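So you can see what is in the structure, the chains are spelled out below.
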Amino acid sequence: MAWEPKIVAFLCNWCTYTGADLAGTSRIKSPPNIRSIRIMCTGRMDPTFIVKAFALGADGVLVSGCHPGDCHYVEGNHKALRRVLLMKRVLAGFGVDADRLRLTWVSAAEGEDWARYTTEFTETVRRLGPLNWSGRISGEEMLTEPQEVAS
Amino acid sequence: MTGKPTLAMYWAASCGGCEISILDIEEHILDVDAAFDIVFFPCIADFKTKDVEAMEDGAITVTLFNGAIRTSENEHMAKLLRRKSKVLVAYGSCAHEGCIPGLANTTSRAAIFDFVYRQSPSTDNPEGLTPQTETRMPEGAITIPSLWNTVKTLGQVVDVDYFVPGCPPQSDQAWKVIEAVIDILKSGKPLPPRGAVLGAGSKTCCDECPRERREKRITRFVRPHEIIPGSHECLLDQGILCLGPATRDGCGAKCVIAGVPCRGCYGAPGGARDQGAKMVSALASVIDSEDPAEIDRILDGIVDPVGTLYRFSLAHSTMQRVAVADSDREA
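Attention in this report is confined to the structure presented alongside it. (Residues numbered from 1 in each chain as written. Chains lettered and ligands numbered in written order. Predicted model: local features only at pLDDT ≥ 70, side-chain atom pairs only at ≥ 80, totals over all residues.)

**Re the packing of helix H1 (residues 16-25) of chain A against helix H4 (residues 111-128) of chain A**
Pairs of packed helices are described in terms of their axes, by the angle between the two and the distance that separates them. All names here are of chain A. Contact pair H1 / H4: the axes reach a minimum separation of 7 Å and the direction vectors enclose 90°. In terms of orientation, H1 and H4 fall into the roughly perpendicular class. Packed against H1, whose contacting residues are Thr 16, Gly 19, Ala 20, Leu 22 and Ala 23, the element H4 presents Gly 111, Trp 114 and Ala 115 at the interface. Here the residues of the contact of H1 with H4 sort into five nonpolar, three polar and no charged. (Axes fitted to C-alpha atoms, helices over the stretch in contact; angles between N-to-C directions. Helix = DSSP H or I, 4+ residues; strand = E, 2+ residues; numbered from the N terminus. Parallel < 35°, antiparallel > 145°, perpendicular 65-115°, else oblique. Contact = placed C-beta atoms within 7 Å. Nonpolar A, V, L, I, M, F, W, Y, C, P; charged D, E, K, R; others polar.)

**Topic: the pairing of strand S5 (residues 85-91) of chain B**
Residues and elements named next belong to chain B. Counting buried residues along S5, five of its seven residues qualify, which places the element largely inside the surrounding structure. Summarising the sheet, strand S3 (residues 60-66) and S5 pair through five bridges and their orientation is parallel. Bridging from a neighbouring strand, Thr 63 pairs with Leu 88 of S5. Bridge analysis of S5 against strand S9 (residues 162-164) gives three bridges, and the strand direction is parallel. By the bridge assignment for S9, Val 89 is matched with Tyr 162. (Buried ≥ 20, exposed ≤ 12 C-beta atoms within 10 Å, placed from the backbone. Pairing = 2+ DSSP bridges.)

**Notes on unusual backbone geometry**
In this chain, Cys 167 of chain B is followed by Pro 168 of chain B through a cis amide linkage whose omega measures -15°. On the secondary structure map, Pro 168 of chain B appears in the loop between S9 and helix H7 (171-187). The residue Asn 132 of chain A is not glycine, and still its phi comes out positive at about 50°. One can find Asn 132 of chain A in the loop between H4 and helix H5 (133-137). Its 13 C-beta neighbours within 10 Å are what place Asn 132 of chain A among the partly exposed residues.

Listed below in structure tokens is the structure:
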């Protein structure tokens, strides 16, 4: 089977998740590459989620929430904006193309925008190719599997 | 042999600071001597690997293992000491999270060899010689350990019972850990749960920091040489990149009290997995702008995000290392 981009999307409960739902109920076509995870607010989007998604095999990560000024929690999306901008720099430092992380604003009424953004982003990631993080970091000496360390 | 419990301490890829932190417990070192037979401790006495190999499995009561796993010899010693020890402690940041040696994971073995043996300004190597793991001489073959492309933590190579963070662990904390071990051995009390972090708290460096915190509104990051920090205010409030919010407490906040930003040597706090990502979260919350261009201008002040936010924890981080370039892959 040909490779298809795997994209993990973190969607805020109040705007984008509802907007994505609208795209579905309106029968607007959007790519099946997106794996949606609903969070209450993009402000809840811990950057840990982003590195974990990439480390576990995602080719792209999409974060989408309410437009600036519309946040249900006043400024969660502003925090998400700053996190994503800094995470892009961190990812670039790890050798991951910063375009593999994208932030969009999609309101509950913007099902068409959701379909357009996800189509665009899927094509961007398709062009960048498979990330294959676990394969990419393994050198000749990686004889042992990394183990999770309890803290 | 006196029938006392036995203690070993070994260094892998490390600087020796962890040994100093143990020796720095001052007169308590006599208590250590009274409680244990020291059976392997290359920094302070002449023991050989074959002495350890000759021991029965589980013969060492406690091994404090410091240093990251970077060479075939480091791995061999980690596996050997795991087998010979009842309790194996990852002592110090290198064994716990990779520490400074782990920053080699930002590059590759090929690039390191190229710089050290060819490019560095102080290198004089006209024949382009590089170390070989095996050299044949008339008398026989001489071998040295091979250097790995990726630095690993002790816990990524063998099962570890306990972790003691810090670069190095503070001596008062080191003594508390040893004192607790002696107490357990004498009283027969149960051991702490396996995998526990000892000699540290579970909150953050900020919880120990006496500096005054206000609502943070950062409009510019400054590097340490660009500012003389105020003596009472939070360093991060002053725009100095202090990793206190994403670093485990237990050190007594010594650096920040002295006006030096926390660099993160105690690793991620309890419950957190990835120190750098946690620090991204903290920084994003305090940057005072909602305009993408302005935010980017402020972020330009963080010169080396991976090297700064993962200075001590890169090998242990979720991403573990910087991607290996195809050109650096070796067959």
